[in-house]
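If you want the building blocks of each chain, they are given just below.
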Amino acid sequence: MTILTDPFTPVTFPDLFTWMWVAGLVIAMGAVVVYTMAQRRYRRYPELLALHEWIFWPIVVGWGIIPLLAVIGVPFILQLAIVVPAMALAAYAAFVRFPPRIAAANDEI
């Protein structure tokens, strides 16, 4: 249990440290690219735009803050406490909240 409360540094987490901050940058930049493309492609479909909003913000905030947290050396459990709820919110939007709304919008078309 002490490993979760140790500072997240290259010394305490030699295998995971670089992967976490690089993944944070790559995932955040990828989310920005996908969001920008979706805004252009689905501008006439408000339900799909709302879905992308609900997925974009938790991913960008959750993963975008990871490189900063890695640099300042916060405990690993705090990073998990940020990333796990962010991903859970994005999964909730993608699999629970929006499928019925998108199906209803498709029926209208």
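A brief structural summary. Treat the numbers as computed from the prediction; the structure is a model and nothing was measured. (Residues numbered from 1 in each chain as written. Predicted model: local features only at pLDDT ≥ 70, side-chain atom pairs only at ≥ 80, totals over all residues. Heavy atoms only, no water.)

### Overview of the packing of helix H2 (residues 17-41) against helix H3 (residues 46-64)
Right, so step 1: It is at 9 Å that the axes of H2 and H3 come closest, and there the two elements cross at 160 degrees. Between H2 and H3, the angle is such that the two are roughly antiparallel. In the packing of H2 onto H3, the handedness of the crossing is left-handed. Contact residues: H2 offers Met20, Ala23, Gly24, Ile27, Ala28, Ala31, Val32, Tyr35, Ala38 and Gln39, while H3 offers Leu49, His52, Glu53, Phe56, Ile59, Val60, Trp63 and Gly64.
Right, so step 2: Here the residues of the contact of H2 with H3 sort into 13 nonpolar, four polar and one charged. (Axes fitted to C-alpha atoms, helices over the stretch in contact; angles between N-to-C directions. Helix = DSSP H or I, 4+ residues; strand = E, 2+ residues; numbered from the N terminus. Parallel < 35°, antiparallel > 145°, perpendicular 65-115°, else oblique. Left-handed = near helix turned anticlockwise from the far one by under 90°. Contact = heavy atoms within 4.5 Å. Nonpolar A, V, L, I, M, F, W, Y, C, P; charged D, E, K, R; others polar.)

### Brief notes about the packing of aromatic side chains
Right, so step 1: This model, assessed by the stated rule, comprises eight aromatic pairs.
Right, so step 2: Summarising the aromatic geometry, the rings of Phe8 and Phe76 are spaced 5.5 Å apart at their centres and angled 15 degrees between planes, so their arrangement reads as stacked. You can see Phe8 sitting in the loop between helix H1 (2-5) and H2 and its partner Phe76 sitting in helix H5 (residues 76-108), a full 68 residues away along the chain. Across the pair, exposure class does not vary: Phe8 and Phe76 are buried alike.
Right, so step 3: Here Tyr35 and Phe56 contribute two aromatic rings whose centre-to-centre distance is 4.1 Å and whose plane-to-plane angle is 15 degrees, an arrangement assigned as stacked. With a gap of 21 residues between them, Tyr35 in helix H2 and Phe56 in helix H3 connect regions that are remote in the sequence.
Right, so step 4: Exposure remark for Tyr35: the relative accessible area of 16% places this residue in the buried category.
Right, so step 5: When its relative accessible area of 9% is taken as the criterion, Phe56 is described as buried.
Right, so step 6: Clustering of aromatic rings is evident, with ring pairs tying together Phe8, Phe13, Phe17 and Phe76.
Right, so step 7: The ring of Phe98 carries the charged tip of Arg101 above its face, separated from the ring centre by 5.6 Å. (Phe/Tyr/Trp six-rings, centres within 6.5 Å; stacked < 30°, edge-to-face > 60°. Buried < 20%, exposed > 50% of the residue type's maximum accessible area, 1.4 Å probe, protein only. Lys NZ or Arg CZ within 6 Å of the ring centre and 35° of its normal.)

### What to know about H3
Right, so step 1: The end-to-end C-alpha distance of H3, which contains 19 residues, comes to 26 Å, matching closely the 27 Å that a straight helix rising 1.5 Å per residue would cover.
Right, so step 2: Looking at the packing, one finds that the buried side of H3 touches H2, helix H4 (66-72) and H5. (Expected span 1.5 Å × (residues − 1).)

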